[in-house]
Amino acid sequence: MTEPFSVRVTVRGYETDIQGHLNQSVYVNYAEHARWSLLRAAGISQAGLIAKGVGPVALEMTIRYRRELLAGDEVEVTCTFEWGKGKTFRIEQTIRKTDGTVAAEITALGGLMDLKERKLVADPHEYFRALASDPRLFDL
């Protein structure tokens, strides 16, 4: 896949803090929104995950704030999955203003939990490949 998956979001006034810029916790919400949008675009629903007895889990997240975002700013939130050989995967995300300015870079470590055993599955990429109608969106 050459271009990362992305969604557009407009910063809403109620998401800003006393300084008038986007509250730190909302960056996490935007990232989560882009991840679930990617799953849906690839044909994976929450119901489909539950039917397979698995669910995605966040294990770690780092946010690098680069430029402030203000109410009314339009941004693009990208999402790229990076697969390894273990139980976890990385998700790289960028929040970028329409003029190209990078507002934040987010790196997340995730896994896929077996909902019955409450443990990470050994091969999350295989679950995503099997569930997705378009696994190319995950570079699979």
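Every value quoted in this text rests on a predicted model; they were computed, and no experiment measured them.

Just to check I follow, could you spell out the overall build of the protein chain for this structure?
Within the protein chain, the regular secondary structure consists of three helices and six strands. Listing every helix and strand of the protein chain by position from the N terminus yields β-α-α-β-β-β-β-β-α. The C-alpha atoms of the protein chain give 16 Å as radius of gyration, which agrees with the globular expectation for 140 residues (14 Å, within 12%). For the protein chain, the spread of C-alpha atoms along the principal axes amounts to about 45 × 30 × 25 Å. Evaluated residue by residue, the protein chain yields a buried proportion of 37% over its 140 residues.

What is the right way to read helix 3 (residues 124-131) from this model?
Side chains three or four residues apart in an α-helix point the same way, a direct result of the helix having 3.6 residues per turn. The set of residues buried in helix 3 consists of P124, H125, F128 and L131. Take helix 3 and look down its axis: the buried residues cluster within an arc of 135 degrees, on one side only. Tucked into the core, helix 3 has its buried residues touching helix 1 (24-41), helix 2 (46-51), strand 3 (74-83), strand 4 (88-97) and strand 5 (102-114).

Honestly, the side chain of D134 in this entry has me stumped. Any pointers?
Secondary-structure assignment places D134 in the segment after helix 3. On the basis of relative accessibility, which here comes to 19%, the residue D134 falls in the buried class. One polar contact links D134 to R136, side chain to side chain, over a distance of 3.0 Å.

Would you mind showing me how to read the packing of aromatic side chains here?
When we look at a pair of aromatic rings, we describe it by the centre distance and by the angle of the planes. Using the criterion set out here, one finds ten aromatic pairs in the structure. Ring geometry for W83 and F89: centres 5.1 Å apart, planes at 50 degrees, overall tilted. Relative accessible area serves as the criterion here: at 22%, W83 is assigned to the partly exposed category. Three or more aromatic residues joined by ring pairs form one cluster here, namely F81, W83, F89, F128 and F138.

I tried to follow helix 1 on my own but got confused; where do I start?
With 18 residues, helix 1 extends 27 Å from end C-alpha to end C-alpha; this agrees with the ideal 26 Å at 1.5 Å per step. When we look at burial in helix 1, the residues that qualify are V26, Y27, Y30, A31, A34, R35, W36, S37, L38 and L39. Two residues or fewer past helix 1, G43 is found with a positive phi of approximately 95 degrees.

Explanation requested: the layout of surface pockets in the structure shown.
In this approach a probe as big as a water molecule rolls over the atoms, and the regions it shows empty are the leftover space. Quantified by volume, the largest pocket comes out at close to 180 Å³. If you go around the largest pocket, you meet 14 residues; those closest to its centre are E32, R35, P56, V57 and I91. Considering every element that reaches the lining of the largest pocket, the biggest residue donor is helix 1, with four residues.

What should I look at first to understand the nonpolar core in this one?
The nonpolar side chains of a soluble globular protein tend to be buried, and buried together. Counting residues in hydrophobic clusters, the biggest one holds 36 residues, and the most contacted among them are Y30, I95 and F138. Residue assignment for this core shows that the elements contributing at least two residues are strand 1 (5-10), helix 1, strand 3, strand 4, strand 5 and helix 3. Sorting elements by how many residues they give to this core places helix 1 first, with eight residues. Once residues lying within four places of it in the same chain are set aside, the contact partners of I95 are Y27, Y30, L69, V75, E76, V77, T101, V102, A103, A104 and I106.

What should I look at first to understand the side chain of T94 in this one?
Secondary-structure assignment places T94 in strand 4. Those residues in contact with T94 that lie beyond four places of it in its chain are E76, V77, T78, V102 and A104.

Cut-offs applied
- Residues numbered from 1 in each chain as written.
- Predicted model: local features only at pLDDT ≥ 70, side-chain atom pairs only at ≥ 80, totals over all residues.
- Heavy atoms only, no water.
- Helix = DSSP H or I, 4+ residues; strand = E, 2+ residues; numbered from the N terminus.
- Rg over C-alpha atoms; globule rule 2.2 N^0.38 Å.
- Buried < 20%, exposed > 50% of the residue type's maximum accessible area, 1.4 Å probe, protein only.
- Arc of directions from axis to C-beta.
- Contact = heavy atoms within 4.5 Å.
- Polar contact = N/O pair within 3.5 Å; in protein donor to acceptor, adjacent residues only side chain to side chain.
- Phe/Tyr/Trp six-rings, centres within 6.5 Å; stacked < 30°, edge-to-face > 60°.
- Expected span 1.5 Å × (residues − 1).
- 1 Å grid on protein atoms, 1.4 Å probe; cavity = no way out; pocket = protein on both sides within 12 Å on 5 of 7 lines; lining within 4 Å.
- Points joined across faces, edges and corners; volume = space filled by probe spheres on them.
- Core = buried A, V, L, I, M, F, W, Y, C linked by side-chain atoms within 4.5 Å.

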